[in-house]
Amino acid sequence: MAKESVFRHRISGPLMRGMKHIPVDREQGETAYQHALESLRSGEIVGVFPEATISQSFTLKSFKSGAARMAQEAGVPLIPMALWGTQRLWTKGHPKNFKRSHTPITIRVGEPVEAPQDQYAGAITRRLRERVQELLEAAQRAYPVRPKGPDDTWWMPAHLGGTAPTAEEVKAAEAR
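Below: a short report on this structure. Predicted, not measured: the structure shown is a model, and the values here were computed from it.

Moving on to the overall build of the chain. Scanning the chain from terminus to terminus reveals five helices and four strands. In the chain, the succession of α and β elements from N to C terminus is β-α-β-α-α-β-β-α-α. Computed over C-alpha atoms, the radius of gyration of the chain comes to 17 Å, within 12% of the 16 Å expected from 2.2 N^0.38 for 176 residues, which places it in the range of a compact globule. Principal-axis analysis of the C-alpha atoms places the extent of the chain at approximately 50 × 40 × 35 Å.

If you want it as structure tokens, here you go:
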């Protein structure tokens, strides 16, 4: 699932549609939700970013409960995943980097998180976020690249010695 505007781009749009991604209108997400449910029920894997946007601090934001609710309705588990290194290729506030130079991406996949229908979706979402946090920290520890110098720390979170804004700084900037 990805924001609908990505599907209107002349390059990413055909790619997203070709890979059967689901466009999400953030103002009216019910159509995307139903499409995702149908896909899950037919045996497809549906990727959801529960934060609903890229974290400019490169730390986890709060998770929305939609992924848990979908898993509950479809009767499927959630598969937690964490990506690290993608922010070096394409992120808010920085130029896109699609050079042929090697930029590693670390992916960690965790054990399934069950989503029983009789449990509160918020509790499932909290468990999912905890698992993703563990996976993210493992991906960060395993990442084979370190900043090349003081001008190359923008892609590292502040708590790891980088110059990305903290989550609190991002919230303050968004509030202005």
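Glancing now at the environment of Lys-171. In this fold, Lys-171 is placed in helix 5 (residues 167–175). Separated by 115 residues in sequence, Lys-171 and Gln-56 place their C-alpha atoms 9.8 Å apart.

Here we come to unusual backbone geometry. You will see that Lys-20, though not glycine, has its phi angle at about 60°, which is positive. With respect to the helices, strands and loops of the structure, Lys-20 is situated in the loop between helix 1 (12–18) and strand 2 (23–24). Accessibility expressed as a relative area gives 59% for Lys-20, which makes it exposed. Backbone geometry at Phe-58 places phi at a positive 60°, although glycine is not the residue there. Position of Phe-58 relative to the elements: it lies in the loop between helix 2 (30–41) and helix 3 (66–74).

The next subject is the pattern of salt bridges. This model, assessed by the stated rule, comprises two salt bridges. Note that Arg-8 is salt-bridged to Glu-4, the shortest N-O span being 2.3 Å. With a relative accessible area of 59%, Arg-8 lands in the exposed category. Notably, a salt bridge pairs Glu-44 with Lys-20, separated by 3.6 Å at the nearest N-O pair. Pair noted here: Glu-44 is in the loop between helix 2 and helix 3 and Lys-20 is in the loop between helix 1 and strand 2, with a separation of 24 residues, a long-range link.

This part covers the packing of aromatic side chains. By the definition in use, this model includes two aromatic pairs. Both rings, one in Phe-58 and one in Trp-154, keep their centres 6.3 Å apart while their planes meet at 65°; by these two values the pair is edge-to-face. With Phe-58 in the loop between helix 2 and helix 3 and Trp-154 in the loop between helix 4 (121–142) and helix 5, this pair connects stretches of sequence that are 96 residues apart. Classification of Phe-58 by relative accessible area gives buried; the value is 8%. Residue classification places Trp-154 among the partly exposed residues on the basis of a relative accessible area of 22%. Directly above the ring of Trp-155 sits Arg-88, whose terminal nitrogen or CZ lies 4.7 Å from the centroid.

One can find Thr-166 in the loop between helix 4 and helix 5. Judged by relative accessible area, which is 27%, Thr-166 ranks as partly exposed. In this structure the C-alpha to C-alpha distance between Thr-166 and Gln-56, which are 110 residues apart in sequence, comes to 8.3 Å. Setting aside residues no more than four positions away along its own chain, Thr-166 makes contact with Ser-57 and Ala-158.

Cut-off values and rules
- Residue numbering note: each chain is counted from 1, following its sequence as written.
- Local features in a predicted model are, by the rule used here, given only for residues with pLDDT of at least 70; side-chain atom pairs are given and counted only at 80 or more, and totals for whole chains, interfaces and linings are based on all residues.
- To obtain the side-chain values, all non-hydrogen atoms of the structure were used and water was disregarded.
- Helix and strand assignments come from DSSP, with helices taken as H or I runs of at least 4 residues and strands as E runs of at least 2, each series counted from the N terminus.
- For a compact globule the rule gives 2.2 Å times the number of residues to the power 0.38, and the radius of gyration it is set against comes from C-alpha atoms.
- A simple rule labels every residue: compare its accessible area, found with a 1.4 Å probe on the protein chains alone, to the largest value its type can have, and call it buried under 20%, exposed over 50%, or partly exposed in between.
- Think of a salt bridge as a Lys or Arg side-chain nitrogen and an Asp or Glu carboxyl oxygen that are within 4 Å of each other.
- For Phe, Tyr and Trp, rings pair up if their centres lie within 6.5 Å, where Trp contributes its six-membered ring, and each pair is then called stacked (planes under 30 degrees apart), edge-to-face (over 60) or tilted (otherwise).
- Whether a charge lies above a ring is judged from NZ of Lys or CZ of Arg, which has to be within 6 Å of the ring centre and within 35 degrees of the ring normal.
- Every residue pair with non-hydrogen atoms within 4.5 Å of one another is taken to be in contact.

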